[in-house]
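Architecture and fold: a report
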Amino acid sequence: MNKLARVQLVGAALIAFASGLVFASGFDLTKISWAQSGSQPAPKPTSAEVRPLEETGQAFEAIAEHVTPAVVAIEAEQLEPRPSATRRDVRPDVEEFLRQFQPDQQPRSGSGSGFIVTKDGYILTNNHVIANADRVTVTLLDNRRFPARIVGRDPTTDVAVLKVEAQNLPTVTLGDDNSARIGQWVVAIGNPLGLEFTVTAGIVSAKGRTLPLPNRQDYSIQDFIQTDAAINPGNSGGPLVNIRGEVIGINSAIASPTGFNAGYGFAIPITLAKIVMDDLVQFGRVRRAVLGVSIGEVEAPDARAAGLTDIRGVKVQGFVPSADESPARRAGVEAGDIIISAAGQRVNRGSELQRIIRAFKPGEVVEVDVSRFGERKTFRIRLGEPPVDESVVAAISRPTTEPAVSRRSYERLGVTVQALPVELARSRQVDESYRQGLLVSAVSNRGPAFNQLYANRDIIVRSLHPSRRDIRTAADLEELVRSVKRGDVLSLLVYDMGQRSTKVVNLPID
């Protein structure tokens, strides 16, 4: 075949192929492809479909525009060195904000947040933000700077009030944390990690949380709002705001293995903060009503010992500042009682009891129902007031002698005990009333005392149930253990040298 013929043949083939494509497309047998595989891209969302998200975004924008001008950055300076503070034991994964405020021998400065609540310059923040500060300066969103005076601070609630001399300042709107529900949107505003006036969003994750924070005192209130809005060091003292732009809490702490946000932030309820602020402004101190008890949460053995069908209520661990001065003890409440209601309101946990009592004033009477080892009792308690100075000064004990007592083990309890050494009692500043008890020197991981009693920390001082007697010697404990029947719950009053307070431990004997 000559060259011309070959060209004509190729041309004919191309014309035939093109004609076939035209023919097939006319019958919709093939479609043009853009070298894509799989399904076709989804159509663009309609305006109706994205409108809810747009409205949510607009709400966050409005909150930020309304609240941020009333948020302040706080700089606290410590001009003189202070002695080191003794920290109590604290769970490793709980970090208090602004650890740089822990006093030491070197002058230092730190930063935090706050928010303006009155046009003439009253500001709410955390106590730990400005504690030990000699000079405090606040900066507004518009870069105005003011020296601030510390009006008052309350370590038991971690609330402090500042005052700047200015007029017509932007202010926040205070809301009601009682109406906040788990799952609702919230916004945190503050100055984390030196990034001023940062806004983050999340939800209310939980309410009524308790935290083992450092430097906790006998009258500390534990009633935190938990949120997953990003909170980091520097957010401390800033507002937690609901979707209506109302402040429902003061951001105060985080739970994190690193000290930075891990999705667990905690805020002080604004209703509590407002009570503290009003007292600090009017009286210079907090006039708070107290029952005079140290409390613990109820667990299954406690409910069983109290004869409760539900695991709820608040366990009375002991009395503060002492049994003689405690309003609850004077009214007839005893260690080991489970408080199940107060002022006619059901009590499920410690934060609920604290929330009920803080609605009263010192001197007012509240009716409290308790369950005492299956028996229900009602007490009318005239509420007291915490001492102004809560620092505890331990008296120097005089040297004493006591007979040496060998260690004794009790398999039914899973503990080994001995007499409390004099030197240990002196070094740990154990009160005289607890020095006659038995020191727990070892705890078996197979007995009921495991994770309930702790070696070289706990002192067994008294049996509360099934019989009430002081535990002074190994013979006392021996007789008690022999008398407990299988299936009973042994209730013990224990002094915790780490927390320097009593607690009630209920051990099921099976």
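Please refer to the structure placed before this passage.
A quick note: this is a predicted structure, and the numbers were derived from the prediction, not measured. (Residues numbered from 1 in each chain as written. Predicted model: local features only at pLDDT ≥ 70, side-chain atom pairs only at ≥ 80, totals over all residues. Heavy atoms only, no water.)

1. Examining the overall build of the protein
Note the following rule: We count a stretch as a helix when DSSP gives it H or I for four or more residues in a row; a strand needs E for two or more, and each element gets its number in order from the N terminus. Only protein chains enter the accessibility calculation, which uses a 1.4 Å probe; a residue is then buried when its area is under 20% of its type maximum, exposed when over 50%, and partly exposed in between. In this analysis, two residues are considered to be in contact whenever any of their non-hydrogen atoms come within 4.5 Å of each other. Shrake-Rupley sampling with a 1.4 Å probe provides the accessible areas, and residues are treated as covered by the protein chains on show and by no other component.
A tally of helices and strands in the protein yields 9 helices and 27 strands. Here the protein, with 510 residues, has 46% of them falling under the buried criterion. For the protein, the share of sequence-separated contacts (at least 6 apart) that also reach a separation of at least 24 residues comes to 63%. For the protein, the computed accessible surface area is about 25900 Å², with 51% contributed by carbon and sulfur atoms.

2. Let's talk about the nonpolar core
Nonpolar side chains tend to gather and get buried jointly when the protein is soluble and globular. How we decide: Definition of nonpolar core: a set of buried residues of the types Ala, Val, Leu, Ile, Met, Phe, Trp, Tyr and Cys, connected through side-chain atoms within 4.5 Å.
Ranked by internal contacts, the top residues of the largest apolar core, which has 35 residues, are Leu291, Ile339, Leu353, Val368, Ile381 and Ile459. Among the elements of the structure, β16 (314-319), β17 (338-342), α7 (350-357), β19 (365-372), β20 (375-382), β24 (458-465) and β26 (489-496) are those that each provide at least two residues to this core. Those residues in contact with Val368 that lie beyond four places of it in its chain are Leu291, Ile339, Ser341, Ala342, Lys377, Thr378, Phe379 and Ile381. One finds Val71, Leu124, Val276 and Leu280 within the second-largest nonpolar core, a separate group that totals 30 residues.

3. With respect to the side chain of Ser463
Rules: Polar contact is defined as a pair of N or O atoms within 3.5 Å, subject to the rule that within protein one atom must be able to donate a hydrogen and the other to accept it, and that residues adjacent in sequence are counted only when both atoms are side-chain atoms.
By the element assignment, Ser463 lies in strand β24. By relative accessible area, which is 0% here, Ser463 ends up buried. At 2.6 Å, the side chain of Ser463 and the backbone oxygen of Ser467 are in polar contact. In contact with Ser463, other than residues within four places in its own chain, are Arg468, Arg469, Ile471, Leu480, Leu490, Ser491 and Leu492.

4. Some remarks on the pattern of salt bridges
Stated precisely, the cut-off is as follows: Salt bridges, as used here, are contacts in which a Lys or Arg side-chain nitrogen is within 4 Å of a carboxyl oxygen on Asp or Glu.
In total, this model carries 27 salt bridges according to the counting rule given. Residue Asp223 is joined to Arg358 by a salt bridge in which the shortest nitrogen-to-oxygen separation is 3.2 Å. Taken together, the positions of Asp223 in the loop between β10 (198-209) and β11 (224-227) and Arg358 in the loop between α7 and β19 put the pair 135 residues apart, joining distant regions of the chain. An identical accessibility class is assigned to Asp223 and Arg358; each is buried. Connected via shared salt-bridge partners are Asp177, Asp223, Arg355 and Arg358.

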